[in-house]
Amino acid sequence: MTAATPDSAPGILRYLYGYYAWFAFTCCAGSAALMAFLLPGLNRRRGAAGRCARAFFRLAGIRTEVRGLERLPQGHCVVVANHSSYLDGVILQAFLPPRFSYVIKSEMRNVPIAHFFLRRIGSRFVERFEAAASARDARRLLRAADNGESLAFFPEGTFLGQPGLGKFHSGAFATAIKGAAPLVPVVIHGSRAILPTGAMLPRRGDLGIDILDPVTPDHPSFARHKSLAKHARQQILEVLDEPDLLAADRS
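Thresholds, definitions, all that
Residues numbered from 1 in each chain as written. Predicted model: local features only at pLDDT ≥ 70, side-chain atom pairs only at ≥ 80, totals over all residues. Heavy atoms only, no water. Helix = DSSP H or I, 4+ residues; strand = E, 2+ residues; numbered from the N terminus. Rg over C-alpha atoms; globule rule 2.2 N^0.38 Å. Buried < 20%, exposed > 50% of the residue type's maximum accessible area, 1.4 Å probe, protein only. Salt bridge = Lys/Arg side-chain N within 4 Å of Asp/Glu carboxyl O. Pairing = 2+ DSSP bridges. Axes fitted to C-alpha atoms, helices over the stretch in contact; angles between N-to-C directions. Phe/Tyr/Trp six-rings, centres within 6.5 Å; stacked < 30°, edge-to-face > 60°. Parallel < 35°, antiparallel > 145°, perpendicular 65-115°, else oblique. Left-handed = near helix turned anticlockwise from the far one by under 90°. Contact = heavy atoms within 4.5 Å. Nonpolar A, V, L, I, M, F, W, Y, C, P; charged D, E, K, R; others polar.

(A) Highlighting the overall build of the protein. The helix and strand tally for the protein stands at nine helices and seven strands. Its C-alpha atoms give the protein a radius of gyration of 19 Å, near enough to 18 Å, the size a compact globule of 251 residues would have. Summarising its shape, the C-alpha atoms of the protein cover approximately 70 × 50 × 40 Å along the three principal directions. Expressed as a percentage of its 251 residues, the buried residues of the protein come to 46%.

(B) Focus on the pattern of salt bridges. Taken as a whole, this structure holds seven salt bridges when the rule is applied. Between Glu-65 and Arg-67 there is a salt bridge; the shortest N-O distance is 3.0 Å. We classify Glu-65 as partly exposed; its relative accessible area is 44%. Taking the shortest distance from any N to any O, the salt bridge between Asp-244 and Arg-233 comes out at 2.6 Å. Taken together, the positions of Asp-244 in the loop between α8 (225-239) and α9 (247-250) and Arg-233 in helix α8 put the pair eleven residues apart, joining distant regions of the chain. On the basis of relative accessibility, which here comes to 19%, the residue Asp-244 falls in the buried class.

(C) Local environment of the sheet that holds strand β3 (residues 100-105). Taken in spatial order, the seven strands line up as β1-β7-β6-β2-β5-β3-β4 in an open sheet, and their pairing is mixed. Every other strand in the sheet has two partners, leaving β1 (63-67) and β4 (124-126) as the edge strands with one partner each. Pairs of neighbouring strands in the sheet enclose a mean axial angle of 20°, with direction left out of account. With four bridges joining them, strand β2 (residues 78-81) and strand β6 (residues 183-189) adopt parallel strand pairing. Pairing of Val-79 across the sheet is with Val-184, part of β6.

(D) Examining unusual backbone geometry more closely. Backbone geometry at Ala-180 places phi at a positive 50°, although glycine is not the residue there. On the basis of relative accessible area, Ala-180 is assigned to the exposed category, the value being 56%.

(E) Summary view of the packing of aromatic side chains. Taken as a whole, this structure holds seven aromatic pairs when the rule is applied. Between Phe-25 and Phe-56 the ring centres are 5.4 Å apart and the planes differ by 80°, which places this aromatic pair in the edge-to-face class. On the criterion of sequence distance, the pair formed by Phe-25 in helix α1 (residues 8-38) and Phe-56 in helix α2 (residues 42-59) is long-range, its members being 31 residues apart. For Phe-25, a relative accessible area of 25% translates into the label partly exposed. Relative accessible area serves as the criterion here: at 4%, Phe-56 is assigned to the buried category.

(F) A look at the packing of helix α6 (residues 171-178) against α8. At their nearest, the axes of α6 and α8 sit 9 Å apart, and the two run at 115° to each other. The pairing of α6 with α8 is recorded here as roughly perpendicular in orientation. Where α6 crosses over α8, the handedness of that crossing is right-handed. Together, Phe-173, Ala-174, Ala-176 and Ile-177 of α6 and His-225, Leu-228, Ala-229 and Ala-232 of α8 make up the contact between the two elements.

(G) The arrangement of the packing of α2 against helix α3 (residues 87-95) in detail. Here α2 crosses α3 at 115°, and the two axes come no closer than 7 Å. As α2 packs across α3, the resulting crossing turns out to be left-handed. Across the interface between the two elements, Arg-46, Ala-49, Gly-50, Ala-53, Arg-54, Phe-56 and Phe-57 from α2 touch Leu-87, Val-90, Ile-91, Gln-93, Ala-94 and Phe-95 from α3. The class makeup of the residues in the contact of α2 with α3 is nine nonpolar, two polar and two charged.

(H) Spotlight on the pairing of strand β5 (residues 150-153). The side-chain alternation of β5 yields two buried faces, one formed by Ser-150 and Ala-152 and the other by Leu-151 and Phe-153. As defined by bridge partners, β2 adjoins β5 across three bridges and the pair is classed as parallel. Across the sheet, the residue bridging to Val-80 is Phe-153, located in β5. Strand direction decides the pairing type here: β3 and β5, joined by three bridges, are parallel. Residue pairing across strands places Phe-100 opposite Ser-150, the latter belonging to β5.

(I) Fine view of the environment of Gln-162. Here Gln-162 shows up in the loop between β5 and α6. Residue Gln-162 is classed as partly exposed on the basis of its relative accessible area of 47%. Sequence separation between Gln-162 and Ser-84 is 78 residues, and the spatial gap between their C-alpha atoms is 8.9 Å. With near-sequence residues (within four places) excluded, Gln-162 lies in contact with Arg-192 and Leu-245.

Okay, structure coming up:
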């Protein structure tokens, strides 16, 4: 057998790490799904999902640093985070308290195992393309916030291959205003480098999560969801080490 050359060895190691990371994720996700099936009580299922997510990052050797956790209000609130990778939902599940419901695109209903798991941990699904269903799901979110439920959104709706922060949709901000819930911007660093768009195998890297100062939506400056969204987006841009994708449209 021919020995690996110095140039090929790092590539082989990256492949080996990627397959190992997927194996670790499969084991942890399977454990989370089993606990979601077996455990009674939503908080228990969410707690188990969070522990499994943290176990994955430890097993994969992905170092994580969470800054500002003390800024999360003790009561209900709405979290909005930047979105750059499929890992982002796992990250929030791992490091936010288990009281949060995650707002997920409705296409996940077509993935049976994922849909079952997400439903069992109390995720809420929103239609993005069909107007009547989208309005119905928006009303459900407004009622949830009005009833004191804590919700977590990715207000960009999806992620792009190019680095940067995209346009924010209004749902999270209308929900915060309707529920009189503090809005908490969260910045995720490093997930794009670990699992970029189109990549099949994860790469080794570090993660950072910055929880920023909450915004009180009943302030007169934020009476409209557009002004609240603009303020939260600017807060995220000031900490995120990626460009503003809307800057070109304004120039």
